[in-house]
Amino acid sequence: MGDIIVRLPNDSEISGAGPVLLLGPTGVGKRRLGTAMVKRFGYDRVPALRTLSFEASIRFQKYEEAKQEADNQIKSASQTSWQPASELGFILSELKAEDSQAAVRFREAWEKDKTKAMPEVTRLSKLQRLWRLTFPGRELDLTTYDPKINTTLAGRGGPYPAHSMSDGERAALYLIARVLRSPAGVVIIDEPEVHFHSLLARTFWNVLEAERSDCRFVYITHDIPFALSRGQAQICIVRSETEAQLVAKDAGIPADIFESTLGAASLSMVARRIVFCEGEHGTSIDAQVY
């Protein structure tokens, strides 16, 4: 993948291909800054406010109708910083209709020439594959319009309807479907770690970044462990809803951001090694963190 430039509201540009992090404490204006980027540059944005409930049965619709309804819901939610996204049911209808059309095309091609007929890799099949990677031992069954989860995990008691999934499972389903639907280019993810354990958040977004190599991910977060997990990401410190300061790649996260952000973020961390340190009274932030 070549460079994909990310433009900020102050007209600065971030070149490159890796993720971009818009990092700052709660209430500084990160979400409003992301919304401004959508309005000005037309970027796709996955909001943090998400209505994750959906009906027990996927609505049967024509592909064009389902796509239009999903488009309308996404556009409405992406233009504001306070309106929750509620397009999940429409996206499932769209992907199901698209998959059905692909199945018909394959059958017709098979009847004409069995040696050349090949099934299409639809977004619905990608959704199921990425789900299996995210939740080993659980399979998203979308063979009918009544989706369910088949599981080999002990204690689950067999299949369960998809609409009764946990919050983490719902969040994963929504985010996978939304990212698969995003056009190539810049996609803004607001609070990517919500409903996820810190280790799951890391591996989940690693998988989606690899799947959508034609996209450049911009993460809006105050979760420092997640921010540090993005490897070679370029960090922007959000100072207000109109100001974001690009940090030099080797400079790391400024100390004032650590101090103001750690108090607002979850401290569920994953570490291979723990180092205990002792700071000096009055000059260290250790006591404040503890």
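Coordinates for the structure precede this section.
Description of the structure in this document. In this text, all values refer to a predicted model and were calculated from it rather than measured experimentally. (Residues numbered from 1 in each chain as written. Predicted model: local features only at pLDDT ≥ 70, side-chain atom pairs only at ≥ 80, totals over all residues. Heavy atoms only, no water.)

**Some details on the overall build of the chain**
On a plain count of helices and strands, the chain comes out with 9 helices and 11 strands. Counting over 290 residues, the chain shows a buried share of 46%. Across the chain, every contact between residues at least 6 apart in sequence was considered, and the portion connecting residues at least 24 apart equals 71%. Entry remark: accessible area of the chain is about 15200 Å², with carbon and sulfur atoms responsible for 52%. (Helix = DSSP H or I, 4+ residues; strand = E, 2+ residues; numbered from the N terminus. Buried < 20%, exposed > 50% of the residue type's maximum accessible area, 1.4 Å probe, protein only. Contact = heavy atoms within 4.5 Å. Areas by Shrake-Rupley, 256 points an atom, 1.4 Å probe, with all protein chains shown as cover.)

**Focus on the nonpolar core**
In this structure, L127, F196 and W205 are the most contacted members of the largest nonpolar core, which totals 54 residues. Residue contributions to this core peak at 9 residues, all from helix α5 (residues 167-181). Residues within four places of W205 in sequence aside, it is in contact with L175, V179, I189, P192, F196, F217, Y219, F226 and R230. If you look at the next biggest cluster of nonpolar residues, it comprises 18 residues, including V20, L22, V28 and I188. (Core = buried A, V, L, I, M, F, W, Y, C linked by side-chain atoms within 4.5 Å.)

**Focus: the sheet that holds strand β7 (residues 160-161)**
Across a sheet, strands are paired by hydrogen bonds formed along the backbone, either parallel or antiparallel in direction. Spatial strand order, β5-β6-β7: 3 strands in an open sheet with antiparallel pairing. Only two strands of the sheet have a single partner each, and these edge strands are β5 (138-141) and β7. Pairing geometry for strand β6 (residues 148-151) and β7, over 2 bridges, is antiparallel. Counterpart to I149 in the pairing with β7 is Y160. (Pairing = 2+ DSSP bridges.)

**Remarks on the packing of helix α2 (residues 63-78) against helix α3 (residues 88-112)**
In the contact formed by α2 and α3, the axes pass within 8 Å of each other and the chain directions differ by 150°. By the criterion of interaxial angle, the relationship of α2 to α3 is roughly antiparallel. When the axes of α2 and α3 are compared, the crossing they make is left-handed. Mapping the contact onto sequence places Y63, E64, A66, K67, E69, A70, Q73 and I74 in α2 and F90, I91, S93, E94, A97, E98 and Q101 in α3. Considered class by class, the residues forming the contact of α2 with α3 number 7 nonpolar, 3 polar and 5 charged. (Axes fitted to C-alpha atoms, helices over the stretch in contact; angles between N-to-C directions. Parallel < 35°, antiparallel > 145°, perpendicular 65-115°, else oblique. Left-handed = near helix turned anticlockwise from the far one by under 90°. Nonpolar A, V, L, I, M, F, W, Y, C, P; charged D, E, K, R; others polar.)

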